[in-house]
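Below are the chains, spelled out letter by letter.
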Amino acid sequence: MAGGAAPDARRRVRLALRRLASRGHGEILPLEAELEGFYRLRVGGYRIVYSHHMGPMIRLEYADLREFVYERFLRMLKEGSDES
């Protein structure tokens with residue numbers, strides 16, 4: 001999540017991540033197409049992209065404002081695969 005996020009937004013995101021990690025609660029949707037295997041957690045105007053790892057562990061992959069998150073995350077994934 002961008003470092004310039006308002007303190008209230010950062011608090012809401014931290015709380016949402018704690019709830020997700022401890023109880024699996026939140027506005028969650030599985031992503032599709034090129035982002036299959038990832039999930040999104042909605043927190044106000046922010047979207048958090050995460051994935052599941054070994055048992056109950058989740059991995060925060062990317063977070064940004066709704067209008068930017070998917071395009072930027074997909075670009076980041078593609079750039080990472082180009083380096084391999």
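Residues numbered from 1 in each chain as written. Predicted model: local features only at pLDDT ≥ 70, side-chain atom pairs only at ≥ 80, totals over all residues. Heavy atoms only, no water.

### Some thoughts on the pattern of salt bridges
Okay, step 1: Applying the stated criterion across every chain, the model contains seven salt bridges.
Okay, step 2: The partner of Arg11 in a salt bridge is Asp8, and the shortest N-O contact between them spans 4.0 Å. Here the residue Arg11 and the residue Asp8 both occupy positions in helix H1 (residues 7-23), the gap between them amounting to three residues, near one helical turn.
Okay, step 3: A relative accessible area of 48% means that Arg11 is categorised as partly exposed.
Okay, step 4: Among the ionic pairs, Arg72 bridges to Asp64, the shortest N-O distance being 2.9 Å.
Okay, step 5: Residue classification places Asp64 among the buried residues on the basis of a relative accessible area of 8%.
Okay, step 6: Connected via shared salt-bridge partners are Asp8, Arg11 and Arg12. (Salt bridge = Lys/Arg side-chain N within 4 Å of Asp/Glu carboxyl O. Helix = DSSP H or I, 4+ residues; strand = E, 2+ residues; numbered from the N terminus. Buried < 20%, exposed > 50% of the residue type's maximum accessible area, 1.4 Å probe, protein only.)

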